[in-house]
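# Structural description and commentary
Here is how the chains run, residue by residue.
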Amino acid sequence: MSEGGGTGGTVRVVLVDDDALVRAGLRMILGGSPAIEVVGEAGDGVEGVDVVRRLRPDVVLMDIRMPRRDGLEATRIVLGQNGDGALRPPRVLVLTTFDTDDMVLQALRIGANGFLLKDTPPAQIVEAVLGVAAGAPMLSPSVTAQLIA
């Protein structure tokens, strides 16, 4: 990954969500940023692992609840597969409608770099992708408040 993310200074992103409408919305949101390129999509965790393996993005936006393989297990696999060891795994930003303490903690323990709710404003999703790509952890404000409480 170059200074700004992927090649040419853009952050290369893969979207993994079983809802095609959510993926389309995220593609539109992220496509509005010249610093981000959505390079692939997947509709479930099995396909997501394959797409990430093939495309080697900088950041993966991962839903938690999906058929065939959930996002937590897909994240575990993606973060454990760094090929020949020369390349670091992508950063994973979990994006979900569920903000239960257990899911947040599981995602972070597995190694996810951030956790956002799907009702996060579009500009904040863009900021989170760029921040995670740069190495900063990202938590939705409501998730942070919940963990502190």
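The preceding data block contains the structure.
The following refers to the structure shown. Quantities reported herein were computed from a predicted structural model and do not represent experimental measurements. (Residues numbered from 1 in each chain as written. Predicted model: local features only at pLDDT ≥ 70, side-chain atom pairs only at ≥ 80, totals over all residues. Heavy atoms only, no water.)

## Side note on the sheet that holds strand β6 (residues 138-139)
Reading across the sheet, the six strands line up as β2-β1-β3-β4-β5-β6 and stay open at both edges, with parallel pairing between neighbours. Two strands lie at the open edges of the sheet, namely β2 (36-42) and β6, each paired on one side alone. Sitting on the sheet, helix α1 (residues 20-31) is in contact with β1 (11-16), β2, β3 (59-62) and β4 (91-96), with an inclination near 170° to β2. (Pairing = 2+ DSSP bridges. Helix = DSSP H or I, 4+ residues; strand = E, 2+ residues; numbered from the N terminus. Contact = heavy atoms within 4.5 Å. Axes fitted to C-alpha atoms, helices over the stretch in contact; angles between N-to-C directions.)

## Quick notes on the side chain of Asp-17
Its place among the elements puts Asp-17 in the loop between β1 and α1. A polar contact is formed between the side chain of Asp-17 and the side chain of Lys-118, at a distance of 2.8 Å. If we ignore the near neighbours within four places in the chain, the residues touching Asp-17 are Val-22, Arg-23, Ala-42, Gly-43, Asp-63, Met-66 and Lys-118. (Polar contact = N/O pair within 3.5 Å; in protein donor to acceptor, adjacent residues only side chain to side chain.)

## Details of the nonpolar core
Val-16, Met-62, Val-94 and Phe-115 are the most contacted members of the largest nonpolar core, which totals 22 residues. Of all the secondary-structure elements, those providing two or more residues to this core are β1, α2 (45-55), β3, α3 (71-80), β4, α4 (101-110) and β5 (114-117). Here the element with the most residues in this core is α4; it accounts for four residues. Those residues within four positions of Val-16 in sequence are excluded, and the remaining contacts are Ala-42, Asp-44, Gly-48, Val-60, Leu-61, Met-62, Asp-63 and Met-66. Core analysis: the next-biggest nonpolar cluster, separate from the first, contains 18 residues, Val-13, Leu-26, Leu-95 and Val-132 among them. (Core = buried A, V, L, I, M, F, W, Y, C linked by side-chain atoms within 4.5 Å. Buried < 20%, exposed > 50% of the residue type's maximum accessible area, 1.4 Å probe, protein only.)

## So, the environment of Val-126
Along the chain, the position of Val-126 falls in helix α5 (residues 122-133). As a C-alpha pair, Val-126 and Gly-31 span 95 residues in sequence and 9.3 Å in three-dimensional space. For Val-126, the contacting residues outside a window of four places in its chain are Ile-29, Leu-30, Ser-33 and Ile-36.

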